[in-house]
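Coordinate inspection notes
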Amino acid sequence: RIDRAISAALLTGYVALKAGDRASLFAFAGRPQVASPTVTGARAFSALQRAAADIDYAPEESNYTLALTTLAAQLHHRSLIIVFTDFADPTSAELMLRSAGRLLDRHLVLFVVLRDAELTALAQKRPEEPGDVSRAVAASALLRERAIVIARLQRMGAHVLEAAHDEVGTRLV
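Residues numbered from 1 in each chain as written. Predicted model: local features only at pLDDT ≥ 70, side-chain atom pairs only at ≥ 80, totals over all residues. Heavy atoms only, no water.

Glancing now at the overall build of the protein. On a plain count of helices and strands, the protein comes out with 7 helices and 7 strands. From first element to last, N terminus to C terminus, the protein shows the α and β order α-β-β-β-β-α-α-β-α-β-α-α-β-α. C-alpha extents for the protein along the principal axes are approximately 55 × 30 × 30 Å. Within the protein, the proportion of its 173 residues that are buried is 37%. Taking the contacts inside the protein whose residues are at least 6 apart along the sequence as the reference set, 71% of them involve residues at least 24 apart. (Helix = DSSP H or I, 4+ residues; strand = E, 2+ residues; numbered from the N terminus. Buried < 20%, exposed > 50% of the residue type's maximum accessible area, 1.4 Å probe, protein only. Contact = heavy atoms within 4.5 Å.)

Rendered as structure tokens:
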């Protein structure tokens, strides 16, 4: 998932730089990990690539409050902020919603969510044994929670792009 998100972010950054816009990367988990400088021009794309090379999986839960507050403090102009995320549980989703609300006052925020094909398959699979029923119910509940978070983000004024892993980059651009 993280590799797909990084690839989509780099593709979007490249297109933005070619179009004359400015771009930077910001990555976080429990704390901010990467904060590249803002760059302009297609030649500066290598700086984004170097910054992206430092992004990696982290064993801790994402701290949206710290990360998005840190990001907001670094932004001095109205910006398009693209947040690649997943909604792991209702508590972290609630914290993310609160933090995003503060960004939406000044910035345009787009959340990119990778569609979870495995979860959808579990929810739609015809049960063949008793364990399949509990897996389908749990998967359906998780998909329902995800839909609620997406709807709340949209009501707050955020944009949401939900795409399959193999099409996220082109859909984002």
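Having seen it, we continue.
Under the criterion given, the structure shown has 9 salt bridges. Asp86 is paired through a salt bridge with Arg1; the nearest N and O atoms lie 3.8 Å apart. Taken together, the positions of Asp86 in the loop between β5 (80–85) and α4 (90–104) and Arg1 in the segment before α1 (2–18) put the pair 85 residues apart, joining distant regions of the chain. A relative accessible area of 32% means that Asp86 is categorised as partly exposed. Relative accessible area serves as the criterion here: at 42%, Arg1 is assigned to the partly exposed category. Between Glu167 and Arg171 there is a salt bridge whose closest N-O contact spans 3.4 Å. (Salt bridge = Lys/Arg side-chain N within 4 Å of Asp/Glu carboxyl O.)

For the rest of this paragraph, the subject is the pairing of strand β6 (residues 108–114). Here β6 lies mainly inside the structure; 6 of its 7 residues are buried. Taken together, the 6 bridges between β5 and β6 define a ladder with parallel strand orientation. Bridged to Ile82 within β6 is Leu110. Note that β6 and strand β7 (residues 159–163) share 5 bridges and pair parallel. Directly across from Val113, in β7, lies its bridge partner Glu162. (Pairing = 2+ DSSP bridges.)

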